[in-house]
Amino acid sequence: MMYYVKLGGILLVICAIATGILAYVNSITEPKIIALKAAEAVKSRESLIPDSDFEEVKVSDDFSYFVAYKKGTKDIQGYTFTAAKTGYSSKVLTMAGLDPQFNIINIKVIDQAETPGLGANCTASSFTDQFKGKTQDQMLVDKDGGPIKSLSGATITTRAIANSLKEQILVLRKEVESKQEVSQ
């Protein structure tokens, strides 16, 4: 019996040391990871609506967007936001740039863990380019009667992207229009 208590104690000490090391490494790397993600988000926004200054508008804990102003002015170029919906095997995060009339300028899939060779192809420009110029009402995949061509073997991923964009454009539109009504 004493043998098993001794083994359990040794295992406890090893686990405590390993946990302490992991906690220490996490405390060092977490701020760097957060800073890298923030820098990547800025680069993504700038690639969606170039030559713009961005101002964040926080609507709720779940939703915020950025107003894109022409560099050095207060002329609105458009809006950017991040939309998320669960695809086949992961949550797919898509950043979208919209013009002032809420038409899509461009999109970029910024995070996904979909099936390699199928859903993971959602990051390819051949897929994302088809969203350019589309409106909220056109956010339907071809299998649902819309203009968005589904990725071969990854209709669920395509639907997740289209539906998340449609939902967030609706929220953004309501928010912007309500602010315009208040200011008038």
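Residues numbered from 1 in each chain as written. Predicted model: local features only at pLDDT ≥ 70, side-chain atom pairs only at ≥ 80, totals over all residues. Heavy atoms only, no water.

So, about the packing of aromatic side chains. The tally for this structure, following the rule as stated, stands at six aromatic pairs. Arranged with centres 6.1 Å apart and planes meeting at 70 degrees, the rings of Tyr65 and Tyr79 form a pair that is edge-to-face. Taken as a pair, Tyr65 in strand S2 (residues 64–70) and Tyr79 in strand S3 (residues 76–86) lie far apart in primary sequence, 14 residues in all. Each member of the pair Tyr65 and Tyr79 is classed as buried. Here the aromatic residues Phe63, Tyr65, Tyr79, Phe81 and Phe102 are joined through ring pairs into a cluster of three or more. Directly above the aromatic system of Phe54 lies the positively charged group of Arg45, at a separation of 6.0 Å from the ring centroid. (Phe/Tyr/Trp six-rings, centres within 6.5 Å; stacked < 30°, edge-to-face > 60°. Helix = DSSP H or I, 4+ residues; strand = E, 2+ residues; numbered from the N terminus. Buried < 20%, exposed > 50% of the residue type's maximum accessible area, 1.4 Å probe, protein only. Lys NZ or Arg CZ within 6 Å of the ring centre and 35° of its normal.)

The five strands are arranged S1-S2-S3-S4-S5 in an open sheet whose pairing can be described as antiparallel. The open sheet is flanked by strand S1 (52–58) and strand S5 (104–111), the only strands paired with a single partner. Strand-to-strand twist in this sheet, taken as the mean axis angle between neighbours without regard to direction, amounts to 25 degrees. Pairing analysis gives six bridges linking strand S4 (residues 91–98) to S5, with the strands arranged antiparallel. (Pairing = 2+ DSSP bridges. Axes fitted to C-alpha atoms, helices over the stretch in contact; angles between N-to-C directions.)

With that settled, consider unusual backbone geometry. In this structure, Asp51 is a non-glycine residue whose phi angle is positive, near 55 degrees. Turning to its location among the elements, Asp51 is positioned in the loop between helix H1 (2–48) and S1.

The next subject is the pattern of salt bridges. Under the counting rule described, the total for this entry stands at seven salt bridges. With a closest N to O distance of 3.1 Å, Lys85 and Glu167 form a salt bridge. Of this pair, Lys85 sits in strand S3 while Glu167 is found in helix H3 (residues 155–183), placing the two residues 82 residues apart along the sequence. (Salt bridge = Lys/Arg side-chain N within 4 Å of Asp/Glu carboxyl O.)

With seven bridges joining them, S1 and S2 adopt antiparallel strand pairing. Its bridge partner lying in S2, Asp53 is registered against Tyr69. The loop that links S1 with its antiparallel partner S2 comprises five residues.

Most of S2 is tucked away: five of the seven residues are buried. Sheet topology note: the S2/S3 ladder contains five bridges and is antiparallel. Bridging from a neighbouring strand, Phe66 pairs with Thr80 of S3. Linkage of S2 to S3, two consecutive antiparallel strands, is achieved through a turn of five residues, within which Gly72 is found at a positive phi near 80 degrees.

For H1, spanning 47 residues, the distance from its first C-alpha to its last is 66 Å, which sits close to the expected 69 Å at 1.5 Å a residue. Within H1, the axis deviates most sharply at Thr29, by approximately 35 degrees, and proline Pro31 lies no more than four positions further along. By the burial criterion, the buried members of H1 are Ser44, Arg45 and Leu48. (Expected span 1.5 Å × (residues − 1). Bend = angle between axes of the 7 residues up to and from the residue.)

Structural measurements only, silent on function.
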